[in-house]
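Tertiary structure, described
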Amino acid sequence: EELKGTVLQLRETVLQQKETIMNQKETIRELTAKLGRCESQSVLELPGEGKGRKGFSKNTMGDLSRPAAAETLSQLGQTLQSLKTRLENLEQFSRMNSSSQTNNLKDILQNKIDDLEKQVLSRVNSLEEGKLSPRNESEERGKIESTLTSLHQRISDLEKGQKDNRPPDRFQLTFPLRTNYMYAKVKKSLPEMYAFSICMWLKSRASPGMGTPFSYAVPGQANELVLIEWGNNPMEILINDKVAKLPFAINDGKWHHICVTWTTRDGVWEAYQDGTQTGNGENLAPYHPIKPQGVLVLGQEQDTLGGGFDATQAFVGELAHFNVWDRKLSPGEVYGLATCSSKALAGNVIAWAEANIDIYGGATKWTFEACRQLN
């Protein structure tokens, strides 16, 4: 009951933080628009029209003219947004560890950024009332820059701590949109394999079809090894362009553990969902070894070696613990992976680790621990 209460409290905290972030984004947009209107009005309404007008636009505000002030505020808004995104990432990490860290991040988010936005609001009001002198303007800018520097440093320290403390396999990849440019690439290729087991955690509610969690292409064969759920078709495994339909039902927005095993002898395959075998078959590319020296991509289906992505086939959702073995796992080993057994193995061909993955196009990494989602 105590753990349950803690989880509910953390969930409420994160929801409040998300709401705060949305409100602050809107505040920045409103302040930027307000300053823009102020700038345009000041150009039209300031006294001293005629010869003195040019002199004002060049130097009345000292080292920061009014158009430059608008530009500075716009840049500040972008910087704040970047910091908020980084804080959201840190929230994920804190939620996985302790409520004290979460509360610490909540304080940073609310206090530091609120302080910045109050300074911005004060700056806009002063501009509207024509009160800022060159000296005051410089002081205001100095305060904001100082606060930004402090916040940058604090976030950097937290991110360093997050990276140092997190095991290399506790992360997930998130593909929020169906695009032809978001993907991750496994740095290592596959060797020649006469059998394999491929397991991963997936979470998606994309429709129709969650897309392509992974694809492996080799020279001369783009569909050497592909897992895909496209359109209204069931999920399929492709080996050398030969297809087997997999009896998975996983696009419900919840985390599911899936495994596919295969041997070249008679093309025998088995499919496991959440530790239980849900299907099997044979004659899937029999006596065809998986070829080496290819490109392994997460999140996209390759039509050419390492590219040729089609947005309609892109994976939408979250993916974690993608592991590859060059043998057929036993049902007990698969069950151990799905239930987060302490004896669960990492892939002997591809092991899930941050150092083994490059991400592109806006796909993101988040902290993820499979065992926690089972509770």
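Quick caveat: nothing in here was measured; it's all calculated off a predicted structure. Think of each chain on its own: its residues are numbered from 1, step by step along the sequence as written. Whole-chain, interface and lining totals are the exception, using all residues; otherwise, since this is a predicted model, local features are given only for residues with pLDDT of at least 70 and side-chain atom pairs are given and counted only at 80 or more. The side-chain quantities take in all heavy atoms of the structure and omit both hydrogens and water.

1. Section: the pattern of salt bridges
Whenever Lys or Arg places a side-chain nitrogen within 4 Å of a carboxyl oxygen from Asp or Glu, that contact is recorded as a salt bridge. Inspection of the entire model under this criterion finds 6 salt bridges. Two residues, Asp358 and Lys187, come together in a salt bridge whose shortest N-O distance is 3.8 Å. Placement of the pair is Asp358 in strand E13 (residues 357-360) and Lys187 in the loop between strand E2 (183-186) and strand E3 (195-203), with a sequence separation of 171 residues. By relative accessible area, which is 29% here, Asp358 ends up partly exposed. When the shortest N-O distance is used, the salt bridge between Glu333 and Arg327 registers 3.0 Å. By the criteria applied, helices consist of DSSP H or I runs no shorter than four residues and strands consist of E runs no shorter than two, each listed in order from the N terminus. We call a residue buried when its accessible area falls under 20% of the maximum for its residue type, exposed when it is over 50%, and partly exposed in between, using a 1.4 Å probe and counting protein chains only.

2. As for helix H6 (residues 331-338)
Of all the positions in H6, only Val334, Gly336, Leu337 and Ala338 are classed as buried. Looking at the residues trailing H6, positive phi occurs at Cys340, about 60 degrees.

3. Considerations on the environment of Glu229
Relative to the helices and strands, Glu229 is located in strand E5 (residues 221-229). Taking the C-alpha atoms as reference points, Glu229 and Pro208, 21 residues apart in sequence, are found 8.5 Å from one another. Working rule for contacts: check all heavy atoms of both residues, and any pair within 4.5 Å makes them a contact. Aside from chain neighbours lying at most four places away, what touches Glu229 is Gly209, Met210, Gly211, Pro234, Met235 and Asn251. Engagement of the side chain of Glu229 in a polar contact is seen with the backbone nitrogen of Met210, the distance being 2.9 Å. A 3.5 Å cut-off defines polar contacts: any pair of N or O atoms within that distance qualifies, except that in protein one atom must be a possible hydrogen donor and the other a possible acceptor, and neighbouring residues in sequence count only when both atoms are side-chain atoms.

4. Focus: the pairing of E3
Counting buried positions along E3 yields 8 of 9 residues, so the element is predominantly enclosed. Only strands that DSSP links by at least two bridges are regarded as paired with each other. Pairing geometry for E3 and strand E8 (residues 256-263), over 8 bridges, is antiparallel. Residue pairing for E8: Met200 is matched across the bridge by Ile258.

5. Brief notes about the pairing of E5
Here E5 lies mainly inside the structure; 9 of its 9 residues are buried. Joining the antiparallel neighbours strand E4 (residues 211-218) and E5 is a turn of 2 residues, in which Gly220 adopts a positive phi near 90 degrees. Bridging between E5 and strand E6 (residues 236-239) involves 4 bridges; their strand directions are antiparallel. In the sheet register, Leu225 faces E6, and the bridge partner there is Ile239. Hairpin geometry of E5 and E6 is characterised by an intervening segment of 6 residues between the two adjacent antiparallel strands and by a positive phi of about 60 degrees at Gly231.

6. Focus: the confidence of the model for the protein chain
Here the protein chain averages 77 in pLDDT, while 59% of its residues score no lower than 70. Ignoring residues within four places in sequence, the model shows residues 45-67, a span with pLDDT below 50, making 28 contacts including any to other chains. Residue-level confidence of the predictor is summarised by pLDDT, bounded by 0 at the bottom and 100 at the top.

7. Structural notes on the state of the cysteines
In a disulfide, the sulfur atoms of two cysteines are covalently bonded to one another. Throughout, a disulfide means two cysteine sulfur atoms within 2.5 Å of one another. Tallying each qualifying case throughout the model produces 1 disulfide. The side chain of Cys199 participates in a disulfide bridge whose partner is Cys259; the two sulfur atoms lie 1.9 Å from each other. Where Cys199 bonds to Cys259 through sulfur, the torsion about that S-S bond is close to 115 degrees, and the disulfide is right-handed. In this pair, Cys199 sits in strand E3 while Cys259 sits in strand E8, placing the two residues 60 residues apart along the sequence.

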